[in-house]
Amino acid sequence: MNTSERFTPDGCVCDAEAKAGGLIPFETAVSMALDLALPVRETEWLPIEQATDRVLAGPVSAPAALPMFNNSAMDGYALRTRDLTGDGPWTLPVSGRTAAGDPADAGFARGTALRILTGAAVASEADAVVTQEAVDVRAGRITLRRRPDPGSNIRRRGEDLCRGDDVLPAGIAIGPRQACALAYCGAAEIEVRRKVRVAIFSTGSELRPPGAALGPGQIWNCNLSMLTAALTQSWVEVVDLGAIPDRPDELAETLASAFGQSADLIISTGGVSVGDEDHMRGVVCRAGGEIAALRIAMKPGKPVAMGRIGPAVFVGLPGNPVAAFVAWHMLGAPVLKRLGGIAAPRERLSRVRLGSGLSRFPGRCEFRPARILGRDPGGLDIVGLLSSSFSARVGLLAAADGLAVIPADAERVPEGELLDFIRF
Ligand code: AMP
Ligand code: MG
């Protein structure tokens, strides 16, 4: 079987039975992660202008037929096609003028044409609008040479939506298209899910804030900035608990503080592996938490702790920044989206062609930073994979155009193979 056949259309990126070494297959880990997270139940009503990027709590349907009245699609002349008797050309007197916002039936009389502007209500007796370009206008009369079809240039009542038609589903974020549709339906206030409260902290005694003077062995903390950027969304409320040294008592206090602030999701970075200074698992367990998944068959990001502490979901990301980013992207972000009530929490994938083949040890699904090199004759992007050992190489991540997905059981992936791709 070649690699491209194993991808499923619903976007499963890595369905191999990667049981090697007791690791949890990536797809199983994603399902476990999503099962841990239930959408926040509370909702609030917001004016439309304050609802941008918030998550719609319920579906929205059309409150009435839309448009609500027949109206002109063009600047021109409204007339009754039955008044055009015999063969053309026909000449009609112009009996008045109507513009957008005027009441319907303003000034229309049988046997005449009415000057009409785009968006104006079309009189009930008129059944066509001829464009101003299709007529000659002279001394208050129009002459037309071609018989318009009934209905031409009229936007009919209900032609877009009937009363009760589905307009928007629950669980989508309100962007410009959705705001437009909501306003079109006359919705002044919108029911959205409450914001998801997310407490974040990084662990590591070596960490200093970006820009701070570094002592021997110290580094700048990039994971906290990565998380802050990832969480800066209008449906998320971030509680930044800072950088915590590798001391179990301080880490435990930090968890307690996350509780105190009623976090729905607690995210840490670092300290989840099995080294002497990896305290997160112990601290979570002592706080009464349960870790449901730890060793996941993914690369990078094998040590990712996912579980619950009381009512909160806990995601412990690895410390290596690229691993933290990938684990956030592939596991943390879907959990967050599900908590927020977003109906499609999984990452969107596209297809790309591999620029040059590779050989590897099978067993873990790999999310490899990759660059787009060009396009194949069929229009698919061709990608080049960046270094195979990359979990600490932030420079490579910064230069990448996305993550190429290499399935867990692939040992050899030939040049030209189709791969799933997560585009940045
Ligand atoms: P850990 O998972 O805590 O063992 O960390 C693994 C590696 O990632 C170590 O080299 C850490 O110094 C580094 N690291 C951990 N946290 C951060 C962070 N917030 N920013 C940058 N590097 C980090
Ligand atoms: Mg550490």
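Reading the values: rules and limits
Residues numbered from 1 in each chain as written. Chains lettered and ligands numbered in written order. Predicted model: local features only at pLDDT ≥ 70, side-chain atom pairs only at ≥ 80, totals over all residues. Heavy atoms only, no water. Near = heavy atom within 4 Å. Polar contact = N/O pair within 3.5 Å; in protein donor to acceptor, adjacent residues only side chain to side chain. Nonpolar A, V, L, I, M, F, W, Y, C, P; charged D, E, K, R; others polar. Buried < 20%, exposed > 50% of the residue type's maximum accessible area, 1.4 Å probe, protein only. Helix = DSSP H or I, 4+ residues; strand = E, 2+ residues; numbered from the N terminus. Arc of directions from axis to C-beta. Contact = heavy atoms within 4.5 Å. Pairing = 2+ DSSP bridges. Axes fitted to C-alpha atoms, helices over the stretch in contact; angles between N-to-C directions.

1. Points about the site of ligand 1
Link 1 in the chain: Every one of the 15 residues lining ligand 1 counts as a neighbour, but Glu 206, Asn 221, Cys 222, Gly 271 and Gly 319 are closest to it.
Link 2 in the chain: Between Gly 271 and ligand 1, the recorded distance is 2.9 Å, taken from a backbone N or O atom to an oxygen atom.
Link 3 in the chain: For the shell around ligand 1, the residue count by class is 5 nonpolar, 8 polar and 2 charged.

2. Thoughts on helix α2 (residues 176-184)
Link 1 in the chain: Residues Gln 178, Ala 181 and Leu 182 constitute the buried set of α2. Each buried residue of α2 lies within a common arc of 100 degrees when the element is viewed along its axis, so the set occupies one face. Relative to its buried face, α2 has exposed residues pointing more than 90 degrees away, namely Pro 176 and Cys 180.
Link 2 in the chain: Buried-residue contacts for α2 involve β2 (60-61), β11 (166-168) and β12 (189-193).
Link 3 in the chain: Gly 186 sits one or two positions beyond α2 and adopts a positive phi of about 80 degrees.

3. Re the sheet that holds strand β16 (residues 236-244)
Link 1 in the chain: Taken together, 6 strands build an open sheet; the order of strands is β16-β13-β17-β21-β20-β18 and the sheet is mixed. Every interior strand has two partners, whereas the edge strands, β16 and β18 (290-295), have only one. In this sheet, adjacent strand axes meet at a mean angle of 15 degrees when their direction is disregarded.
Link 2 in the chain: As paired elements, strand β13 (residues 196-203) and β16 share 7 bridges and run parallel to each other. Note on β16: the bridge partner recorded for Val 196 is Val 236.
Link 3 in the chain: On the sheet, helix α3 (residues 223-231) packs against β13, β16, β17 (265-269) and β21 (312-317) and is oriented at approximately 165 degrees with respect to β13.

4. Some details on the side chain of Asp 381
Link 1 in the chain: Of note, Asp 381 is situated in strand β25 (residues 381-385).
Link 2 in the chain: For Asp 381, a relative accessible area of 12% puts it in the buried group.
Link 3 in the chain: Among the polar contacts listed, one links the side chain of Asp 381 to the side chain of Arg 375, at a separation of 3.4 Å.
Link 4 in the chain: Aside from chain neighbours lying at most four places away, what touches Asp 381 is Val 352, Arg 353, Ile 372, Gly 374, Arg 375 and Arg 423.

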